[in-house]
Amino acid sequence: MPKEARPSTGEQARQYALAQLRQAIAQGGMAPAQRLVENELAEQFGVTRASIRAALIDLESQGLVERIRNRGSRVRVVTVDEAVAITECRMVLEGLCAAKAAVAASDEQLGELTALGTAMTKAVADGEPVTYSDLNHELHTRIREFSGQQTALELLERLNAQLVRHGFQLALRPGRPQQSLKEHLAMIEAIRARDPQAAETAVRAHLTSVIEALRD
């Protein structure tokens, strides 16, 4: 976004700063344990310190940033062991959402999942792991939304926020998108078939594969 087009204050500025910081943490622009200095970030993103401070508070609540007493904020370190534990919790909740979506999703929503599967297949064929990573996130988000299980959705939003860096790194690993694609297409197929048990099984198989990849 051109600097002159950026909102410098208010809610839009907070949202802009939040999106930029989240992306930088996910894609490695800000490393684990890196200090986050409000003045520097305000200048970098062209917003006020108040906007940066509010964004950092949001990121702290999401588990991406931690505040160290008398030392300010830094990018929180999410270890592999913690990422595995979070993914094990995701397995239960996302399996539930997939099963619910298989019953509750409308035909139009099933069409959206099919379209996402097609776009993911193209991204893998074109060798575009960043695009694939974004579509992967979108697919999981849509399944949660289509499930109508609001409590699971809210819990998963917090859990998934802590995994953004690990998920992005997995998407860049050679061969991982091809493997992941098969698993996601199986999830879509089971939901489209309106088979709750198969949908939950497909999600569990996918996240078991994610855990194995995290441990490699």
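Residues numbered from 1 in each chain as written. Predicted model: local features only at pLDDT ≥ 70, side-chain atom pairs only at ≥ 80, totals over all residues. Heavy atoms only, no water.

## Digging into the pattern of salt bridges
Taken as a whole and judged by the stated rule, the model has 16 salt bridges. Residue R76 pairs with E82 through a salt bridge whose shortest N-O separation is 3.0 Å. R142 serves as the salt-bridge partner of E145, at 2.7 Å between the closest nitrogen and oxygen. Taken as a pair, E145 and R142 lie in helix α6 (residues 129-147) at a separation of three residues, close to a single helical turn. Overall, the relative accessible area of 22% leaves R142 in the partly exposed class. What you see here is one network of salt bridges that share partners, running through E112, E138, R142 and E145. (Salt bridge = Lys/Arg side-chain N within 4 Å of Asp/Glu carboxyl O. Helix = DSSP H or I, 4+ residues; strand = E, 2+ residues; numbered from the N terminus. Buried < 20%, exposed > 50% of the residue type's maximum accessible area, 1.4 Å probe, protein only.)

## Describing the pairing of strand β2 (residues 65-68)
In this structure, β2 lies alongside strand β3 (residues 72-75), joined through four bridges in antiparallel fashion. Of the residues in β3, the one forming a bridge with E66 is R74. Two successive antiparallel strands, β2 and β3, enclose a turn made up of three residues, where N70 displays a positive phi of approximately 65 degrees. (Pairing = 2+ DSSP bridges.)

## Some remarks on unusual backbone geometry
Residues apart from glycine generally show negative phi values, whereas peptide bonds are mostly found in trans. Look at A33: it is not a glycine, yet its phi comes out positive at around 75 degrees. Here A33 is to be found in the loop between α1 (10-26) and β1 (35-36). For A33, a relative accessible area of 36% gives the class partly exposed. The backbone of R194 shows a phi angle near 55 degrees, a positive value even though the residue is not glycine. Assignment of secondary structure puts R194 in the loop between α9 (176-192) and α10 (196-215).

## A look at the pairing of β3
Where β1 and β3 come together, two bridges link them in antiparallel fashion. Paired with R35 across the two strands is R74, which belongs to β3.

## Observations regarding the packing of α1 against helix α3 (residues 49-61)
Interaxial distance between α1 and α3 falls to 8 Å at its minimum, and their mutual angle equals 55 degrees. Overall, the two elements α1 and α3 adopt an arrangement that is oblique. Where α1 crosses over α3, the two elements pack in a sense that is right-handed. Contacts between α1 and α3 involve G10, A13, R14, A17, L18, L21, R22 and I25 on the former and, on the latter, S51, I52, A54, A55, L56, D58 and L59. (Axes fitted to C-alpha atoms, helices over the stretch in contact; angles between N-to-C directions. Parallel < 35°, antiparallel > 145°, perpendicular 65-115°, else oblique. Left-handed = near helix turned anticlockwise from the far one by under 90°. Contact = heavy atoms within 4.5 Å.)

## Re the sheet that holds β1
Strand order in the open sheet made by the three strands is β1-β3-β2, with antiparallel pairing throughout. Every other strand in the sheet has two partners, leaving β1 and β2 as the edge strands with one partner each. On top of the sheet, α3 reaches β1, β2 and β3; it is set at about 110 degrees to β2, its chief contact.

## Description of the confidence of the model for the protein chain
Mean pLDDT over the protein chain: 91, with 96% of residues reaching 70 or higher. Taken element by element, the protein chain is modelled with least confidence in helix α8 (residues 164-172), mean pLDDT 81, and with most confidence in helix α5 (residues 107-125), mean pLDDT 98. (pLDDT = per-residue confidence, 0-100.)

## Brief notes about the packing of α6 against α8
In contact at an axis separation of 9 Å, α6 and α8 are set at 135 degrees when each is read in the N-to-C sense. In terms of orientation, α6 lies oblique with respect to α8. When you trace α6 past α8, the crossing you get is right-handed. Of the residues in α8, those touching α6 at P129, V130 and S133 are G167, F168, A171 and L172. Among the residues forming the contact of α6 with α8, the class breakdown is five nonpolar, two polar and no charged. (Nonpolar A, V, L, I, M, F, W, Y, C, P; charged D, E, K, R; others polar.)

## Section: the side chain of R90
Here R90 shows up in helix α4 (residues 80-104). Accessibility expressed as a relative area gives 10% for R90, which makes it buried. A polar contact of 2.8 Å, which involves the side chain of R90, links it to the side chain of N160. (Polar contact = N/O pair within 3.5 Å; in protein donor to acceptor, adjacent residues only side chain to side chain.)

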